[in-house]
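Listed here are the chains, written in short residue letters.
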Amino acid sequence: IMIYTIQEYIQYHFNIKDLESLKLEQWLILSEQKLLEFVSGEIFIDGLGKITELRRKMQYYPPIIKHINLLGEWNAIASEIAFIGRTRMLYDELGTQLITCRIINRLMRIGFILENQYTPYAKWIGSKFYYLPIAREVHSLFQQILVSSEWEERENTLIECYLIYAREMKKLGLISKEIAEKFYYSR
């Protein structure tokens, strides 16, 4: 058993002195898993309410950090989106599958961001994702993609997922453009 003051625990857990006056750039270096542990770990006694108050303030990233994270995930997807078909054109089925898995992982992370929830580490991401509202629409599609033996089916089903995510982002006011499927060169 270890006993800490709140400030000592913050220093131990996050390696920073103060959570209450975090600058935006400090948010970017905090471990998402440590943030998740901090806001969702069990508290047995908080007589003064200080921990509860601090956890409420840290419940999720500030909006600008949320948008930066969202942009980062979509940019990572955009950098590989064409490679599902391109690797298959080179008869690299394993490469196609690996890229597909990375994109699904990114989409799952985006699901957590849209719900203002920190993404858990790999051991828990699948089981926690299942309970997000967007999972109702894409969970079975992700499973279909992962078992598909045809790259075209994987790519087409991913397009369905992208459109679902785009509609959700529009509903949340994160994008304002009209949503439409467009061809990427000949695909």
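See the structure printed just above.
Description of the structure in this document. Predicted, not measured: the structure shown is a model, and the values here were computed from it. (Residues numbered from 1 in each chain as written. Predicted model: local features only at pLDDT ≥ 70, side-chain atom pairs only at ≥ 80, totals over all residues. Heavy atoms only, no water.)

Description of the pattern of salt bridges
Part 1 of the reasoning: Applying the stated criterion to the full structure yields 9 salt bridges.
Part 2 of the reasoning: Salt-bridge contacts for R109 lead to E32; the nearest nitrogen and oxygen are separated by 3.1 Å. With R109 in helix α7 (residues 93-114) and E32 in helix α3 (residues 32-40), this pair connects stretches of sequence that are 77 residues apart.
Part 3 of the reasoning: Assessed through its relative accessible area of 22%, R109 is described here as partly exposed.
Part 4 of the reasoning: With relative accessibility at 16%, the residue E32 sits in the buried group.
Part 5 of the reasoning: A salt bridge links K171 to E168, with the nearest nitrogen and oxygen atoms 3.3 Å apart. Of this pair, K171 and E168 both sit in helix α10 (residues 151-171), 3 residues apart, roughly one helical turn.
Part 6 of the reasoning: Given the relative accessible area of 64%, K171 is considered exposed. (Salt bridge = Lys/Arg side-chain N within 4 Å of Asp/Glu carboxyl O. Helix = DSSP H or I, 4+ residues; strand = E, 2+ residues; numbered from the N terminus. Buried < 20%, exposed > 50% of the residue type's maximum accessible area, 1.4 Å probe, protein only.)

Regarding the side chain of D46
Part 1 of the reasoning: Of note, D46 is situated in the loop between α3 and α4 (50-57).
Part 2 of the reasoning: Of the side chains with opposite charge, R55 comes closest to the buried, unpaired D46, at an N-O distance of 7.2 Å. (Lys, Arg positive; Asp, Glu negative; His and termini not counted.)

Quick word on the nonpolar core
The tendency in soluble globular proteins is for nonpolar side chains to be buried as a group.
Part 1 of the reasoning: Counting 45 residues, the largest nonpolar core has L19, W27, M58, L107, F129, F142 and Y165 as its most contacted members.
Part 2 of the reasoning: Secondary-structure elements contributing two or more residues to this core are α1 (6-14), α3, α5 (63-80), α7, α8 (122-129), α9 (135-147) and α10.
Part 3 of the reasoning: Considering each element in turn, this core owes the most residues, 9 residues, to α7.
Part 4 of the reasoning: If near-sequence neighbours (up to four positions away) are discounted, F129 is found in contact with M108, G111, F112, I134, A135, V138, H139, F142 and Y165. (Core = buried A, V, L, I, M, F, W, Y, C linked by side-chain atoms within 4.5 Å. Contact = heavy atoms within 4.5 Å.)

Details of the packing of aromatic side chains
Where two aromatic rings form a pair, the distance of their centres and the angle of their planes describe that pair.
Part 1 of the reasoning: The full count for this structure, using the stated rule, is 13 aromatic pairs.
Part 2 of the reasoning: Taking 5.5 Å as the distance between ring centres and 70° as the angle between the ring planes, the aromatic pair formed by F14 and F38 counts as edge-to-face. Remark: F38 occurs in helix α3 and F14 occurs in helix α1; sequence separation between them is 24 residues.
Part 3 of the reasoning: Note on F38: relative accessible area 6%, which makes it buried.
Part 4 of the reasoning: Pairwise contacts between aromatic rings join W27, Y60, Y61 and Y118 into one cluster. (Phe/Tyr/Trp six-rings, centres within 6.5 Å; stacked < 30°, edge-to-face > 60°.)

Some thoughts on the state of the cysteines
Part 1 of the reasoning: Under the counting rule described, the total for this entry stands at 0 disulfides.
Part 2 of the reasoning: There is no disulfide at C161, and the cysteine sulfur nearest it, in C101, is 13 Å away. (Disulfide = S-S within 2.5 Å.)

Here we look at the layout of surface pockets
Part 1 of the reasoning: Here the second largest pocket is characterised by a volume of approximately 420 Å³.
Part 2 of the reasoning: Forming the boundary of the second largest pocket are 15 residues, of which Y9, F38, E42, I43 and I51 lie nearest the centre.
Part 3 of the reasoning: Contributions of two or more residues to the lining of the second largest pocket are made by α1, α3 and α4.
Part 4 of the reasoning: Broken down by element, the residue count for the lining of the second largest pocket peaks at 3 residues, all from α1.
Part 5 of the reasoning: Its residues assigned to classes, the lining of the second largest pocket shows 9 nonpolar, 3 polar and 3 charged. (1 Å grid on protein atoms, 1.4 Å probe; cavity = no way out; pocket = protein on both sides within 12 Å on 5 of 7 lines; lining within 4 Å. Points joined across faces, edges and corners; volume = space filled by probe spheres on them. Nonpolar A, V, L, I, M, F, W, Y, C, P; charged D, E, K, R; others polar.)

With respect to unusual backbone geometry
Part 1 of the reasoning: Non-glycine residue N15 carries a positive phi angle of around 60°.
Part 2 of the reasoning: Even without being glycine, Y91 reaches a positive phi, approximately 65°.
Part 3 of the reasoning: Locating Y91 in the fold gives a position in the loop between α6 (83-89) and α7.

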